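# Structural characterization, general
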Amino acid sequence: MYTYKVVTIKSSWKGTPKEDEEQIMNEAAAQGWRLHSIIPFSTTTGGTTDLKLVFEKDSEM
């Protein structure tokens, strides 16, 4: 069984992330989380607005 958490990274109006994705992933990894997937959210014009980072780790039993 796994536990999941989702971290949302907002983008600026230029499309660049407002946070350092690598730093977020490294911090999560240090806490035992594994990156499961990255989900981009886009506008109707095709630009990416946000990224959702989905992390998972084994549940404690």
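From a predicted model like this one, the values you see are computed outputs, not experimental measurements. (Residues numbered from 1 in each chain as written. Predicted model: local features only at pLDDT ≥ 70, side-chain atom pairs only at ≥ 80, totals over all residues. Heavy atoms only, no water.)

## Things to note about helix 1 (residues 21-30)
Filter applied, for reference: Each polar contact in these results corresponds to two N or O atoms within 3.5 Å; when the atoms are within protein, one needs to be able to donate a hydrogen and the other to accept it, and residues that are neighboring in sequence are counted only if both atoms are side-chain atoms. The way it works is that DSSP assigns letters per residue, a run of H or I at least four long becomes a helix, a run of E at least two long becomes a strand, and they are numbered from the N terminus.
Where helix 1 begins, the side chain of aspartate 20 points an oxygen toward the backbone nitrogen of glutamate 22, at a separation of 3.1 Å. Trailing helix 1 by a residue or two, glycine 32 shows a phi angle of about 95 degrees, which is positive.

## Some words on the packing of aromatic side chains
So the rule is basically this: When two rings of Phe, Tyr or Trp (its six-membered ring) have centres within 6.5 Å they constitute a pair, described as stacked for plane angles under 30 degrees, edge-to-face for angles over 60, and tilted for the intermediate range. Geometrically, a charge over a ring is one whose NZ (Lys) or CZ (Arg) sits within 6 Å of the ring centre while staying within 35 degrees of the ring normal.
Taken as a whole and judged by the stated rule, the model has one aromatic pair. With a centroid separation of 6.4 Å and an interplanar angle of 55 degrees, the aromatic rings of tyrosine 2 and tyrosine 4 are classed as tilted. The ring of phenylalanine 55 carries lysine 5 above its face, with NZ or CZ at 5.9 Å from the centroid.

## Observations regarding the side chain of aspartate 50
To be explicit about the condition: Here, residues are in contact when the closest pair of their heavy atoms is within 4.5 Å.
Among the secondary structure elements, aspartate 50 is positioned in strand 3 (residues 48-58). Polar side-chain contacts of aspartate 50 include one of 3.4 Å to the side chain of lysine 10. Discounting chain neighbours no more than four positions away, the residues touching aspartate 50 are Thr8, Ile9, Lys10, Ser11, Ile39, Pro40 and Phe41.

## A word on the pattern of salt bridges
Defined as follows: Definition used for salt bridges: Asp or Glu carboxyl oxygen within 4 Å of a side-chain nitrogen of Lys or Arg. Think of it in three bands: residues with accessible area under 20% of the maximum for their type are buried, residues over 50% are exposed, and the middle band is partly exposed, with areas taken using a 1.4 Å probe on protein chains only.
With the rule as written, the count across this model stands at two salt bridges. Here aspartate 50 makes a salt bridge to lysine 10, at a shortest N to O gap of 3.4 Å. Here lysine 10 lies in strand 1 (residues 2-10) and aspartate 50 lies in strand 3, a separation of 40 residues in the sequence. Of the residues examined, aspartate 50 reaches a relative accessible area of 15% and is grouped as buried. For glutamate 56, the salt bridge is made with arginine 34, and the minimal N-O distance between the two is 2.3 Å. Remark: arginine 34 occurs in strand 2 (residues 34-42) and glutamate 56 occurs in strand 3; sequence separation between them is 22 residues. In this structure glutamate 56 comes out as buried when scored by relative accessible area, which is 6%. When its relative accessible area of 48% is taken as the criterion, arginine 34 is described as partly exposed.

## Let's talk about the nonpolar core
Our working rule: Buried Ala, Val, Leu, Ile, Met, Phe, Trp, Tyr and Cys residues that are joined via side-chain atoms within 4.5 Å together make up what is termed a nonpolar core.
In this structure, Ile9, Ile24, Ala28, Trp33, Leu51, Leu53 and Phe55 together form the largest nonpolar core, which totals seven residues. Counting residues per element, the ones that place at least two in this core are helix 1 and strand 3. For this core, the leading source of residues is strand 3, giving three residues.

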